[in-house]
Amino acid sequence: MTDEPMPDPAVHVAGTQEIAPDLLVIPNRRVGLVPNIGVIGGTQAVLVVETGMGTANAEQILAFASEVAQGRRLYLTTTHFHPEHAFGAHAFAGRATYLVNRAQADDLKRKGPGYLEMFRGLGGPVARRLDGVTVPTPDVVHDNGYDLDLGGRTVRLRPTGPAHTKGDQVVEVPDAGVLFTGDLAETGQFAIFPWFPPYDTDVSGVRWLAVMERLAAAATGSQVIVPGHGDPGGPQVLADVRDYLRELRDETWRRRDSAMSEDGIVAEVRALLVERHPEWAGQEWIERGVGCLCTEHPL
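The text that follows walks through the structure, step by step, so that each part is easy to find. Just so we're clear, the structure is a prediction, and the values are computed from it rather than from any experiment. (Residues numbered from 1 in each chain as written. Predicted model: local features only at pLDDT ≥ 70, side-chain atom pairs only at ≥ 80, totals over all residues. Heavy atoms only, no water.)

### Notes on helix 8 (residues 284–295)
Moving on, step 1. Listed as buried for helix 8 are Trp-285, Ile-286, Gly-289, Val-290, Gly-291, Cys-292, Leu-293 and Cys-294.
Moving on, step 2. Where the residues of helix 8 are buried, they touch helix 5 (205–218), helix 6 (236–257) and helix 7 (262–276). (Buried < 20%, exposed > 50% of the residue type's maximum accessible area, 1.4 Å probe, protein only. Helix = DSSP H or I, 4+ residues; strand = E, 2+ residues; numbered from the N terminus. Contact = heavy atoms within 4.5 Å.)

Okay, structure coming up:
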């Protein structure tokens, strides 16, 4: 993670945007550790995508979604287990049905407690958001995808296979042409590689690139992509992340082939990619990505 003090990861519903009929996005406003959050409605039910970090954020989202629902049934899903996406799900208990893919449920159980403690160490504002938080347990776990009927609108929950985490899941709203990617895609920043050896090495640059190639190839010209962080956009959001992961892999492996030290690879690749993308945030993730891809270099 960055060494800079983290701002308060507060969700604000005041800036909510309707990007399709009965489909709202609460934007992250480019605040660190705040995800884009979706509220998707059908005639019979409403699905919330992501919770924000901690009880207060999640309670605000629950209140907002309940007002939108006006008595319709509530569901909750998350794109992956990381704290800003899922560590508010406990606030929905008894009010909404929480459903995720099996690999994500396994991540929550196996790695959730460690991430809870790690994030509590990121400074006062984050620690306060996580005060009293417990790792959530999903109500419904699916294996190979789940089609959720909200009434006149079906939302597709699709596990992608390991990439940013072992349990990544995208959320597709076909009738509206909207795709929520979680942290498989961001806009305006370098891809987030949670590469923390020896504690967490589940991220895979190679598999992540393969996922983005599939998603970009399947995207339609009118599709709206809601990334984990940053502004929603069109299919170019997917193409940009695909292209970045490809150049990160190629520049890392080219230097690995020459037996350059990892420190040397990091320095050269970081300088090159910052020069190519000077406006992007999150430069600290380049080093993590290089470290990950060095271990995936074919011998």
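### Observations concerning unusual backbone geometry
Moving on, step 1. Here the amide bond leading from Pro-197 into Pro-198 is cis, since omega sits at 5°, within 30 degrees of zero.
Moving on, step 2. Even without being a glycine, Arg-30 presents a positive backbone phi close to 60°.
Moving on, step 3. As for its position among the elements, Arg-30 is in the loop between strand 2 (23–26) and strand 3 (37–41).
Moving on, step 4. Unlike most non-glycine residues, Ala-259 shows phi in positive territory, near 65°.
Moving on, step 5. In this fold, Ala-259 is placed in the loop between helix 6 and helix 7.

### Regarding the side chain of Thr-187
Moving on, step 1. Along the chain, Thr-187 falls in the loop between strand 11 (178–186) and helix 5.
Moving on, step 2. Only 2.7 Å separates the side chain of Thr-187 from the backbone nitrogen of Asp-231, close enough to count as a polar contact.
Moving on, step 3. In this structure Thr-187 touches Arg-30, Pro-227, His-229, Gly-230, Asp-231 and Val-237, once residues within four positions along its chain are discounted. (Polar contact = N/O pair within 3.5 Å; in protein donor to acceptor, adjacent residues only side chain to side chain.)

### Focus on the packing of aromatic side chains
Moving on, step 1. What the rule picks out here adds up to seven aromatic pairs.
Moving on, step 2. Taken together, a centroid distance of 5.6 Å and an interplanar angle of 70° make the contact between Tyr-244 and Trp-280 edge-to-face. Of this pair, Tyr-244 sits in helix 6 while Trp-280 sits in the loop between helix 7 and helix 8, and the two are 36 residues apart along the sequence.
Moving on, step 3. Using a relative accessible area of 2% as the deciding quantity, one classes Tyr-244 as buried.
Moving on, step 4. Connected via pairs of aromatic rings, a cluster forms that spans Phe-81, Tyr-115 and Phe-119. (Phe/Tyr/Trp six-rings, centres within 6.5 Å; stacked < 30°, edge-to-face > 60°.)

### A short note on the sheet that holds strand 11
Moving on, step 1. The sheet built from five strands is open, its strands ordered 8-9-10-11-12 with mixed pairing. Where the open sheet ends on each side, the last strands, each with one partner, are strand 8 (146–149) and strand 12 (224–229). Adjacent strand axes in the sheet meet at a mean angle of 25° when their direction is disregarded.
Moving on, step 2. In this structure, strand 8 lies alongside strand 9 (residues 154–159), joined through four bridges in antiparallel fashion. For Tyr-146, the partnering residue across the bridge sits in strand 9 and is Leu-157. (Pairing = 2+ DSSP bridges. Axes fitted to C-alpha atoms, helices over the stretch in contact; angles between N-to-C directions.)

### A word on the pattern of salt bridges
Moving on, step 1. Taken as a whole and judged by the stated rule, the model has 22 salt bridges.
Moving on, step 2. With a shortest N-O distance of 2.7 Å, Glu-117 and Arg-120 are connected by a salt bridge. Of the two residues, Glu-117 and Arg-120 both sit in helix 3 (residues 102–120), three residues apart, roughly one turn of that helix.
Moving on, step 3. On the basis of relative accessibility, which here comes to 49%, the residue Glu-117 falls in the partly exposed class.
Moving on, step 4. On the basis of relative accessible area, Arg-120 is assigned to the partly exposed category, the value being 27%.
Moving on, step 5. For Glu-251, the salt bridge goes to Arg-254, with nearest N and O atoms at 2.8 Å. Residue Glu-251 and its partner Arg-254 are located together in helix 6, separated by three residues, close to a single helical turn.
Moving on, step 6. On the basis of relative accessibility, which here comes to 49%, the residue Arg-254 falls in the partly exposed class.
Moving on, step 7. Residues participating in the shared-partner salt-bridge network are Asp-107, Arg-110, Lys-111, Lys-166, Asp-200 and Asp-202. (Salt bridge = Lys/Arg side-chain N within 4 Å of Asp/Glu carboxyl O.)

Treat this as a map of the structure, not an account of what it does.
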